Amino acid sequence: MDTSSPAVFVNAELLKMYQGRRVRVVVQVMRNEGGLIVGQSTDGHQLTVKVSQAFPLSHFVEVIGIADGNQSIRAEICTDFGDTFDTLAYNELCQLANGKFKNLFL
């Protein structure tokens, strides 16, 4: 496992704490707009992701990249998770990774 540049688990609410840093987020694709994905984060907020490829609507996509702003990410790696995903569990993971158990995550 490469630990030289870890990606913090975030949702849209937590993203603003990590501007300019590497993050990991899951979004459900709502729209593809020529190099951008507009998606819904696991906490229900909208995010914009700069990507190099389009993804099917309604699919869940894990994005690892740099937090560009409060609601946008410049993607480095995107993984299609398909059309079903446990958003509640992922959102809880984000809360744990940035809260009480932060020391357990890179």
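Residues numbered from 1 in each chain as written. Predicted model: local features only at pLDDT ≥ 70, side-chain atom pairs only at ≥ 80, totals over all residues. Heavy atoms only, no water.

So, the packing of aromatic side chains
Here is step 1 of the chain: Taken as a whole and judged by the stated rule, the model has five aromatic pairs.
Here is step 2 of the chain: Aromatic side chains Phe-85 and Tyr-90 sit 5.9 Å apart centroid to centroid with 55° between the ring planes, which places their arrangement in the tilted category.
Here is step 3 of the chain: Among the aromatic side chains, those forming a connected cluster through ring pairs are Phe-9, Phe-60, Phe-81, Phe-85, Tyr-90 and Phe-105.
Here is step 4 of the chain: For Arg-24, the ring lying beneath its charged end belongs to Phe-9, and the centroid distance is 5.4 Å. (Phe/Tyr/Trp six-rings, centres within 6.5 Å; stacked < 30°, edge-to-face > 60°. Lys NZ or Arg CZ within 6 Å of the ring centre and 35° of its normal.)

Re helix H2 (residues 87-97)
Here is step 1 of the chain: Residues of H2 that are buried include every one of Tyr-90, Asn-91, Cys-94 and Ala-97, and no others. Buried residues in H2, looked at end-on, bunch into an arc of 125°, giving them a common side.
Here is step 2 of the chain: Packed against the buried residues of H2 are strand S1 (8-9), helix H1 (12-15) and strand S2 (22-32).
Here is step 3 of the chain: Sitting at the amino-terminal end of H2 is Asp-86, which places a side-chain oxygen 3.3 Å from the backbone nitrogen of Leu-88. (Buried < 20%, exposed > 50% of the residue type's maximum accessible area, 1.4 Å probe, protein only. Helix = DSSP H or I, 4+ residues; strand = E, 2+ residues; numbered from the N terminus. Arc of directions from axis to C-beta. Contact = heavy atoms within 4.5 Å. Polar contact = N/O pair within 3.5 Å; in protein donor to acceptor, adjacent residues only side chain to side chain.)

What about the environment of Gln-95?
Here is step 1 of the chain: Following the sequence through the fold, Gln-95 ends up in helix H2.
Here is step 2 of the chain: Once the C-alpha coordinates of Gln-95 and Phe-9 are considered, the two residues, 86 residues apart in sequence, prove to be 8.6 Å apart.
Here is step 3 of the chain: When near neighbours in sequence (up to four residues on either side) are disregarded, Gln-95 contacts Asn-11 and Leu-14.

Observations regarding the pattern of salt bridges
Here is step 1 of the chain: For the coordinates displayed, the defined rule picks out five salt bridges.
Here is step 2 of the chain: Here Lys-50 ties to Asp-68 by a salt bridge, and the two come within 2.7 Å at their closest N and O atoms. With Lys-50 in strand S4 (residues 46-50) and Asp-68 in strand S5 (residues 60-69), the pair connects residues that are 18 residues apart, well separated along the chain.
Here is step 3 of the chain: A residue is classified by how much of its surface remains accessible, and Lys-50, at 39% relative accessible area, is partly exposed.
Here is step 4 of the chain: For Asp-68, a relative accessible area of 29% corresponds to the partly exposed category.
Here is step 5 of the chain: Ionic contacts of the salt-bridge type, sharing partners, join the residues Lys-50, Asp-68 and Arg-74 into one network. (Salt bridge = Lys/Arg side-chain N within 4 Å of Asp/Glu carboxyl O.)

Some thoughts on the pairing of strand S6 (residues 72-82)
Strand residues, when the strand is regular, have side chains that alternate between the two faces of the sheet.
Here is step 1 of the chain: Here three bridges tie S4 to S6, and the two strands are oriented parallel to one another. Across the sheet, the residue bridging to Lys-50 is Arg-74, located in S6.
Here is step 2 of the chain: Both S5 and S6 contribute to a ladder of nine bridges, which runs antiparallel. Within S6, the residue paired with Gly-65 across the bridge is Ala-75.
Here is step 3 of the chain: Here S5 folds back onto S6 in antiparallel fashion, the turn holding two residues. (Pairing = 2+ DSSP bridges.)

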